[in-house]
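Examination of the molecular architecture
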Amino acid sequence: MCSRNLILVAIVFLVAALGCSAPQPTPPEVEAEFRELLETTDQDRPGASIARLTEFMAKNEKFDVVSEVKNEIEELRSLTDGRYHTARELARKGDFDRAEGMLKDLATHFPEQPDGESAKQHLEFDFYHGKAQWLMVRQRWEESGEVARPLLGRDLTRAQREEVEAILDGASHVGAAYSQATRAQARAACHHLTMLLEMMLAEEGRLPARLSLSDVQEWDPVGSRSILRALSAIEGYEQKDGRYSFTALSAAKEHRIRVVDGVIEE
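A few points on the structure. (Residues numbered from 1 in each chain as written. Predicted model: local features only at pLDDT ≥ 70, side-chain atom pairs only at ≥ 80, totals over all residues. Heavy atoms only, no water.)

**Concerning the environment of Arg138**
In this structure, Arg138 sits in the loop between helix 8 (126–137) and helix 9 (141–148). A polar atom in the side chain of Arg138 sits 3.1 Å from the backbone oxygen of Trp134. (Helix = DSSP H or I, 4+ residues; strand = E, 2+ residues; numbered from the N terminus. Polar contact = N/O pair within 3.5 Å; in protein donor to acceptor, adjacent residues only side chain to side chain.)

Here it is in structure tokens:
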């Protein structure tokens, strides 16, 4: 009889213990917070998303929403497989912002994993060096230099430093050559414009009341193509008694060419 009572007492304590450890229903405000958190989940940055969910779970571990949080975390962890290669492929296609975000997420939140270790090492030099080269090949020299220059502040090997200096040299030389070419094209376009104005003055006895690229295109749809390619705008046009002046901006707005009565002044 005594042993039977002891068994009954043990069962009661066991049921009570189980009841205390069972998850509690999730309050509406906690559920709402979880749903808002899911809206911020970024599959390109699963590590950051997992960190936020883990923090939420720690604060609300007594509620039954925890099981759903764990499922979300496991799903996000599955996205890390092959993430490093995916980021490299994005970079090869020129999507550097997205690739960089993915690599930084791997390096920050999964440093012990092979992909995380590779991402951290890649971000130290090769990612930005590759981006600078990609921009250089596509004749975006100024952007290439902007990407490469900060690398000189890092702890580079001698070979890496020379590679960066070579990119900066190339960006400087090619950029200067391109600048001179666009300046020459802008000057040629201004010369063409003066010829049009002089022709209108000779044929009509007057200069046009206004002068813009759209006006030039309307006057001569075919002949104006070279002008439209070389210039981005015509500003400050003035005319009086057969005299005129204006300022033309080169295609990239790098050069301003001042023209007064057919004479190019710079």
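**Some remarks on the pattern of salt bridges**
Enumeration according to the criterion identifies 13 salt bridges in this entry. The residue Glu68 makes a salt bridge to Arg35 at a minimum N-O spacing of 3.0 Å. A residue pair is termed long-range when its members are at least 10 positions apart, and Glu68 in helix 4 (residues 65–78) and Arg35 in helix 2 (residues 28–39) qualify at 33 residues. Arg256 is paired through a salt bridge with Glu235; the nearest N and O atoms lie 2.8 Å apart. A residue pair is termed long-range when its members are at least 10 positions apart, and Arg256 in strand 3 (residues 256–260) and Glu235 in strand 1 (residues 231–240) qualify at 21 residues. The class for Glu235 is partly exposed, based on a relative accessible area of 32%. What emerges from the salt-bridge pattern is a single network uniting Glu31, Arg35 and Glu68. (Salt bridge = Lys/Arg side-chain N within 4 Å of Asp/Glu carboxyl O. Buried < 20%, exposed > 50% of the residue type's maximum accessible area, 1.4 Å probe, protein only.)

**Brief notes about unusual backbone geometry**
The phi angle of most residues is negative, glycine excepted, and most peptide bonds adopt the trans form. Within the chain, Asp241 stands out as a residue other than glycine whose phi angle is a positive 55 degrees. For Lys253, which is not glycine, the phi dihedral falls at a positive 60 degrees. Assignment of secondary structure puts Lys253 in the loop between strand 2 (243–250) and strand 3. Among the residues examined, Lys253 registers a relative accessible area of 60% and is labelled exposed.

**Things to note about the nonpolar core**
Counting 42 residues, the largest nonpolar core has Leu53, Phe56, Val65, Val69, Leu103, Phe127 and Val164 as its most contacted members. With residues near it in sequence (within four places) discarded, Val65 still touches Thr26, Val30, Glu31, Phe34 and Phe56. In terms of nonpolar packing, the next biggest core, distinct from the first, is built from 20 residues, Ala189, Leu213, Ile234 and Tyr244 among them. (Core = buried A, V, L, I, M, F, W, Y, C linked by side-chain atoms within 4.5 Å. Contact = heavy atoms within 4.5 Å.)

**Focus: the sheet that holds strand 2**
Strand order in the open sheet made by the 4 strands is 1-2-3-4, with antiparallel pairing throughout. Either end of the sheet is taken by a strand with one partner, and the two such strands are strand 1 and strand 4 (263–265). Strand after strand, the sheet turns through a mean of 20 degrees between neighbouring axes, direction not considered. Sheet analysis places strand 1 next to strand 2, joined by 7 bridges and oriented antiparallel. Looking at strand 2, one finds that Ile234 is bridged to Ala248. Seen against the sheet, helix 10 (residues 158–204) touches strand 1, strand 2, strand 3 and strand 4 and runs at an angle of roughly 150 degrees to strand 2. (Pairing = 2+ DSSP bridges. Axes fitted to C-alpha atoms, helices over the stretch in contact; angles between N-to-C directions.)

**Quick look at the packing of helix 2 against helix 3 (residues 46–59)**
For any two helices packed against each other, the geometry comes down to the angle between their axes and how far apart the axes lie. One can describe the packing of helix 2 onto helix 3 by two numbers: an axis separation of 11 Å at closest approach and a directional angle of 170 degrees. Classified by the angle their axes make, helix 2 and helix 3 are roughly antiparallel. Seen from helix 2, the contacting residues are Val30, Glu33, Phe34, Leu37 and Leu38; seen from helix 3, they are Arg52, Leu53, Phe56 and Lys59. (Parallel < 35°, antiparallel > 145°, perpendicular 65-115°, else oblique.)

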